[in-house]
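Observations on the three-dimensional arrangement
So the chains spell out like this:
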Amino acid sequence: MSDLLERLLDGDHRALARTITNIENRAPGYRDLVSGLYEHAGTAEVIGITGSPGAGKSTLVDKMAETYRDRGETVGVIAIDPSSPFTGGAVLGDRIRMASNVGDMDVFFRSMSARGSLGGVSIATADAVKALDAFGKDRIIVETVGAGQNEIDIVKTADTVAVLVQPGSGDDVQMLKAGILEIADVFVVNKADLDGADRTVQELREMLDLRGNAGSGRNDQHTGHGHHAEATAVESDAAAADADGDGRAGAADGAALKQAEAEPGDDGGSDAVWTPPIVEAVATHGEGVDAFLDAIDDHHAHLDSTGEARAKARERYAEEIRTLLREDTAALIAEEIDARGGIDDLVDGVVAGETDPYGIADDVLDPVATCLRERREDG
């Protein structure tokens, strides 16, 4: 594995592909390989793309990669697909998604399985992101399954999360109200050339207003909420000015956000609350993509200026530790259950009235708990 890591760090794309394969398959030695990635990772910007199926995520990701390449940046893309119930692999893993970037070695694309993770983002995905980061990719894009409210796991991996919404879909807006609204750093109303786009933008603005008011508990001009109110007002004016076809509201949203964030809070500090801009796009034609990438850059600058980037990194590491502990503990418990004759034998005891699930759980975990307590006592 050390040779594989060295070749990856030297820029060998085959080594990168093999590394991600080992990570996804949890091949022997993969943990040492991932551990070796940490000291070389931490410079790439990770962008999460989520939203309901049919919103145009894959098309937008394709255009994002193309635009970043035009700007001279290298790109890594991880597309999360539903897991096969038979093999555990990605069901749609062989589809052609990156039509605009075929043959470009500086765009590395990989389709990965959700591995049963409700949010579509497994621990293997986070490890694959580290491989791309250590390899030297400037931008890493993670496209999620698109299964609705469960998409919130992307927050644990990405620096910036973009939520795609398509016009004329009441289900999309209801889905946002159900929880995904809270994870968006940028909203993209894709397919903005369709009827209903203006209404969808307005509904998103109204929901952002409600969230801002709920956060403050009152409709005042306090730090952060005042910024939000000003940004929304400027966005509305810009949207009206754009009605003559002189550009899209998305670009104006980014400008409004910059203006609002440039003003200090009441105490003169730089603790402005980020208000997600709403970008309108037609990804199939590449329209609105530049404005979208500018909004991502604005958010990245906000994270750096407020110290949130460091806080997000700490949260990410904490979640990785918790996830690994859960996985490893579950594996140990599975071994213990097998040593006791398997789950069927344990169920037989419950059916016969000899015990109950709680008693079995206590009995199986007692040796583990005892061992941990003894280690703590020994110092």
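Presented here is a report on the structure given in the accompanying data block.

Criteria and cut-off values
Residues numbered from 1 in each chain as written. Predicted model: local features only at pLDDT ≥ 70, side-chain atom pairs only at ≥ 80, totals over all residues. Heavy atoms only, no water. Salt bridge = Lys/Arg side-chain N within 4 Å of Asp/Glu carboxyl O. Helix = DSSP H or I, 4+ residues; strand = E, 2+ residues; numbered from the N terminus. Buried < 20%, exposed > 50% of the residue type's maximum accessible area, 1.4 Å probe, protein only. Patch = residues over 30% accessible without salt bridge, like charges linked within 9 Å, V, L, I, M, F, W, Y side chains within 5 Å. Areas by Shrake-Rupley, 256 points an atom, 1.4 Å probe, with all protein chains shown as cover. Lys, Arg positive; Asp, Glu negative; His and termini not counted. Charge placed at Lys NZ, Arg CZ, Asp CG, Glu CD. 1 Å grid on protein atoms, 1.4 Å probe; cavity = no way out; pocket = protein on both sides within 12 Å on 5 of 7 lines; lining within 4 Å. Points joined across faces, edges and corners; volume = space filled by probe spheres on them. Nonpolar A, V, L, I, M, F, W, Y, C, P; charged D, E, K, R; others polar. Pairing = 2+ DSSP bridges. Phe/Tyr/Trp six-rings, centres within 6.5 Å; stacked < 30°, edge-to-face > 60°. Core = buried A, V, L, I, M, F, W, Y, C linked by side-chain atoms within 4.5 Å. Contact = heavy atoms within 4.5 Å.

Let us now look at the pattern of salt bridges. Within this structure, the stated rule accounts for 21 salt bridges. Salt-bridge contacts for Glu-24 lead to Arg-110; the nearest nitrogen and oxygen are separated by 3.9 Å. Within this pair, whereas Glu-24 is found in helix α2 (residues 13–25), its partner Arg-110 is found in strand β3 (residues 107–113), the two being separated by 86 residues in sequence. Here the two residues Glu-24 and Arg-110 agree in accessibility, since each one is buried.

The next subject is a negative patch on the surface. A cluster of acidic side chains, namely Asp-344, Asp-345, Asp-348 and Glu-354, defines a negative patch on the protein surface. On the secondary structure map, Glu-354 appears in the loop between α12 (343–351) and α13 (357–378). Of the residues examined, Glu-354 reaches a relative accessible area of 66% and is grouped as exposed.

If you add up the space inside the largest pocket, you get close to 710 Å³. Looking at the largest pocket, it is lined by 32 residues, and the ones nearest its centre are Lys-130, Lys-156, Thr-157, Arg-316 and Glu-320. In terms of residue count, the dominant contributor to the lining of the largest pocket is helix α11 (residues 308–339) (10 residues). When grouped by side-chain class, the residues that make up the lining of the largest pocket number 12 nonpolar, 7 polar and 13 charged.

For the rest of this paragraph, the subject is the pairing of strand β1 (residues 45–51). β1 sits mainly inside the fold: 7 of its 7 residues count as buried. Side chains Glu-45, Ile-47, Ile-49 and Gly-51 of β1 all project onto a buried face; the interleaved residues Val-46, Gly-48 and Thr-50 project onto the opposite face, where all are buried too. Examined bridge by bridge, β1 and strand β5 (residues 160–165) share 5 bridges and lie parallel to one another. By the bridge assignment, Ile-47 is partnered in β5 with Thr-160.

Turning next to the packing of aromatic side chains. Applying the stated criterion across every chain yields a total of 1 aromatic pair. A centroid spacing of 6.3 Å and a plane angle of 45° characterise the contact between Tyr-38 and Tyr-317, whose relative ring orientation is tilted. Residue Tyr-38 is found in the loop between α3 (30–37) and β1, and its partner Tyr-317 is found in helix α11; the two are separated by 279 residues along the sequence.

Time to look at the nonpolar core. Ranked by size, the top nonpolar core spans 41 residues in total, and within it Leu-8, Leu-16, Ile-20 and Phe-187 carry the most contacts. It is helix α5 (residues 123–135) that contributes the most residues to this core, 7 residues altogether. Among all residues touching Leu-8, those that are not within four sequence positions of it are Ala-15, Leu-16, Thr-19, Leu-37, Ala-131, Ala-134 and Phe-135. Ranked by size, the runner-up nonpolar core spans 25 residues in total, among them Val-107, Ile-141, Val-279 and Ala-281.

Nothing here speaks to function; it is all geometry.
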